[in-house]
Amino acid sequence: MRWSQMHIPTLRTDPADADAPSHRLLLRAGYVRQLMAGHYSLLPLAVRVRAKVIGIIREEMSRIGAQEFMLPAMHPREVWERSGRWEVMGEEMFRLKDRKGADLALGMTHEEIFGTLATELSSYKQLPQIWYQFQTKFRDEPRAKAGLMRTREFTMKDSYSFDLAAEGLDAAFDRHHDAYVRIFRRLGIPAIPVEASSGAMGGSASTEFMCPAEVGEDLVVHCPSCGYAANIEKAVSRLPETADEPGPASPERFATPGVRTIEDLARGFGATGDRQIKTLVYVLDEALTLVLLRGDHPLSEQKLSDATGATALRPARPEEIQEALGALPGSLGAVGVTGPPVLADEALRGRTDMFTGANTDDVHLRGVDVARDIAVTTWADLREVAEGESCARCGSPLEVRKAIEVGHIFKLGYKYADALGIEVLDDKGERTPVIMGSYGIGVERAMAAVIERHHDAKGIVWPLSVAPFQVAIVIAQSDDPDTAKAAEDLYTALLAAGAEVIIDDRAERAGVKFKDTELVGIPYRLTVGKRGLAEGTVELTTRATGETLRVPLPEAVAHVQ
Ligand code: ATP
Ligand code: MG
Ligand code: MG
Ligand code: MG
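As the structure is a prediction and not an experimental result, all values here were calculated from the model. (Residues numbered from 1 in each chain as written. Chains lettered and ligands numbered in written order. Predicted model: local features only at pLDDT ≥ 70, side-chain atom pairs only at ≥ 80, totals over all residues.)

## Here's the deal with the pairing of strand β23 (residues 435-442)
The element β23 is extensively covered by neighbouring structure, given that eight of its eight residues are classed as buried. Judged by which residues are buried, β23 turns out to be covered on both faces: I435, G437, Y439 and I441 on one side and M436, S438, G440 and G442 on the other are all buried. Pairing of strand β8 (residues 153-163) with β23 involves eight bridges; the strand directions are antiparallel. Looking at β23, one finds that K157 is bridged to I441. (Buried ≥ 20, exposed ≤ 12 C-beta atoms within 10 Å, placed from the backbone. Helix = DSSP H or I, 4+ residues; strand = E, 2+ residues; numbered from the N terminus. Pairing = 2+ DSSP bridges.)

Dropping the structure here:
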C-alpha cells in the first residue's frame, strides 16, 4: 500500500471533546470519523485493525470448535416477546415499524435468534454445539462515550453454547474462558477475569474480562493477596468487627435487647450498631419489597436485581407503600408516608416477626413484603465494597480500580430453552431441555482498549498482532531518484516476503512522515535515505522503544518479519 494513495486524514492538533486517549488518537491518526453521537465511520486503517482483531477471535473460536453463522440484525417483535425481553430491554432497544406496521427491533444481542435456530436440534447426539457470529449490535445507550468505547452501533463476536446438562455448560463456559484469555493476550489487552452479575441476560454465573484503564466505566474489586476479583456490582467484603465508622447514633432504638429494629438486625450480621442502615422500598417484579443496605453506600440496582433474581425493578411510589401498609394489621397502617426510607424504617419498629433467621456469614434476610409474599435479599450482596475493606476470602485489604469491560461470558441455564422450546431427545428417548450459555466480545471496544494500553505522547503503539501494517518504509528524500528507487525495491521485496507494508512515498519532509508513522502507530519503520544508502544501510526504528538500528539493505526484510 502507498501512503500517497491511502485515505489517512491525520490531524495536526488534538480534536476538541475527545478526552479518552483512544478517542483522541483514533480521530487524530485518521482511523475514525463521527457521523453522530455513538456512530462512527471506520476509515481504511481502522478497517485493517478491525480485520486483525476479528481474525484473532475467529482463530480462537475455531480452536474451541465453534461454528460461524451470520444472523439478521433486524428482528421481529414476536421472537423477543417469547423470551419476555421485548419489555425488559426497555429504551435500550431500538424499535421500528415496517411499511405494513409490523414491530421490529434492531438486535442488541442474539440469544432469541440463535435459540430459535436451536429448536431444530433434535437429539442429544447433536450436542454439544457452539455457534457464533460477528454482527452489528444496536443499543440506544443513554450516554454514548469515548469514541469506539461505547457506541450505539458496534460489532460483537457473540457465541452461544447448547448442551445436554449442566456439566456440558460448565465445560463450554470454561472453554470460552480459556479462549478469551488467549484472545486478549494476543490482542495485547491485559484483561482480568472477574465475577460479574448477569443483568438482563438472566442466568446463574458470569465472568467479565476487565482491562484496567483510567477511562474504564466499571470498577473492579481486586485482592492482590489471594487473587479474588469481582465487579463492584457483585463484590463482597468482610464486614468490620468494631464500631469504627461514625454514623447517626440513635440510642433509644437499642434500649430493648433482642432484635427489634433493622439496626439490631444489622448488628446481628456483624455490622456495627451505630452504622446507619438505609432502607428502601422497591418494586421487584411487581412485588413490593423492602431492601436493606448499609447506609453509606449507594444501592446498585444491578446488584439488587442479581441478589433477588428480579428482572424488572423500580423504587416504589409513596402511594403504593401507603396502600400496602394500610392493608396490614397492627400499628403499621398508622405510619404516615414521609418518604420511602423513613417510612420503611418506622414501619419495621417492633415487627421482628417479619424476619426469619439471620446468621453472620451468608445472611439471608427475609425482607418484608408488605403486600404479598416476600423477597429474599442477601445482605452481603447489597453492599458496595470500598477500597481498603477486607477481602471476604483472605482478610487482606481490597483494591478498587477502574476498568473497561472487554468481554463477558454467561451461564444462561434453561431460560431460553423454556421460553423458546429448545429440546432434544436424551439417550432414553425422553424430551429434555437444552442448557445454554452466551459469550460476547466487543470488537471495536477491544480496539479502543488496545490503544488505551498502548500509546505514548507521539501516538498509538500497536502490538504487531493488530497493527494495520507491520512496517512503514519512509523515503527520506523522495525527490532523489536513487533513494526512491532503493525504497521501491525494498517495498517490492517486503511485499514478496508477505510483509504487511506501507511505503510513505509522499512528497513531504521526512520529519512530517516520521510524525505520521508514529501517530498511526506502525510497529517498525524502515527509513531509506541518501546517507545510509551510500554505505549500503537503511534505518530500522522500533515504534515501541524508539530504538534505531542501521541494517544492511539486504537484511532489512528479515528484520521486520
Ligand atoms: P457495558 O456494561 O459496558 O454497557 P454490557 O455489559 O452491556 O457492556 P454485554 O451485553 O455484556 O455488554 O456485551 C458483551 C460485550 O460487548 C461487552 O463486554 C463489550 O465488550 C461490548 N459492548 C457492549 N456494549 C457496547 C457498546 N455500547 N459499545 C461498544 N461495545 C460494547
Ligand atoms: Mg450495556
Ligand atoms: Mg456490563
Ligand atoms: Mg456485560
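## Here's the deal with the site of ligand 1
Around ligand 1 lies a shell of 16 residues, among which F154, H408, G440, G442 and R445 are the nearest. When contributions to the shell around ligand 1 are tallied by element, the ones reaching two or more residues are β8, β20 (399-413), β23 and α12 (443-453). Of all the elements, β20 adds the most residues to the shell around ligand 1, at four residues. Looking at the shell around ligand 1 residue by residue, the class counts come to four nonpolar, six polar and six charged. (Near = placed C-beta within 6 Å. Nonpolar A, V, L, I, M, F, W, Y, C, P; charged D, E, K, R; others polar.)

## A word on the packing of helix α1 (residues 21-28) against α12
For the pair α1 and α12, interaxial distance at closest approach is 8 Å and the crossing angle is 100°. As far as their axial angle goes, α12 and α1 are roughly perpendicular. Here P21, S22, L25 and L26 of α1 come into contact with α12, specifically with A448, I451 and E452. Residue composition of the contact of α1 with α12, by class: five nonpolar, one polar and one charged. (Axes fitted to C-alpha atoms, helices over the stretch in contact; angles between N-to-C directions. Parallel < 35°, antiparallel > 145°, perpendicular 65-115°, else oblique. Contact = placed C-beta atoms within 7 Å.)

## Thoughts on the environment of E167
Secondary-structure assignment places E167 in helix α6 (residues 166-187). Owing to 10 C-beta atoms within 10 Å, E167 belongs among the exposed residues under this scheme. Spatially, the C-alpha atoms of E167 and V79 are 28 Å apart, while their sequence positions differ by 88 residues.

## Here's the deal with the sheet that holds strand β30 (residues 548-552)
Taken in spatial order, the five strands make up an open sheet running β27-β26-β28-β29-β30, and their pairing is mixed. Taken across any chain shown, the strands that pair with only one partner, and hence form the sheet edges, are β27 (501-504) and β30. Mean inter-strand twist for the sheet, computed between neighbouring axes without regard to direction, equals 25°. When strand β29 (residues 537-542) meets β30, the two strands line up antiparallel, connected through five bridges. The partner of T537 across the bridge, within β30, is P552. Its contacts with the sheet place helix α13 (residues 481-496) against β26 (471-475), β27, β28 (524-528) and β29, and it is angled at close to 165° to β26. Across the face of the sheet, helix α14 (residues 510-520) comes into contact with β26, β27 and β28 while running at roughly 170° to β26.

## Observations regarding α12
For α12, a buried count of 11 out of 11 residues is recorded, marking the element as mostly surrounded by other parts of the structure. Within α12, burial applies to V443, E444, R445, A446, M447, A448, A449, V450, I451, E452 and R453.

## Quick look at the nonpolar core
Ranked by internal contacts, the top residues of the largest apolar core, which has 111 residues, are V406, A446, V471, I473 and L490. For this core, the element with the most residues is α6, which contributes eight residues. Contact partners of V471, with chain neighbours within four places excluded, come to L494, A499, V501, I522, Y524, L526 and V560. (Core = buried A, V, L, I, M, F, W, Y, C linked by C-beta atoms within 7 Å.)

## Describing α1
Most of α1 sits inside the fold, with eight of its eight residues counted as buried. Here α1 has its buried residues at P21, S22, H23, R24, L25, L26, L27 and R28. Turning to α1, the residues buried within the fold contact β1 (32-36), α12, β24 (455-456), β25 (459-460) and α14.

## Notes on the sheet that holds strand β6 (residues 103-106)
Paired through their backbone hydrogen bonds, the strands of a sheet run either parallel or antiparallel. The three strands lie next to each other as β4-β6-β5, forming an open sheet whose pairing is antiparallel. Two strands close off the open sheet at either side, each with one partner strand: β4 (74-76) and β5 (95-97). Here the average twist between neighbouring strands, direction ignored, is 35°. Pairing of β4 with β6 involves three bridges; the strand directions are antiparallel. By the bridge assignment for β6, P76 is matched with L104.

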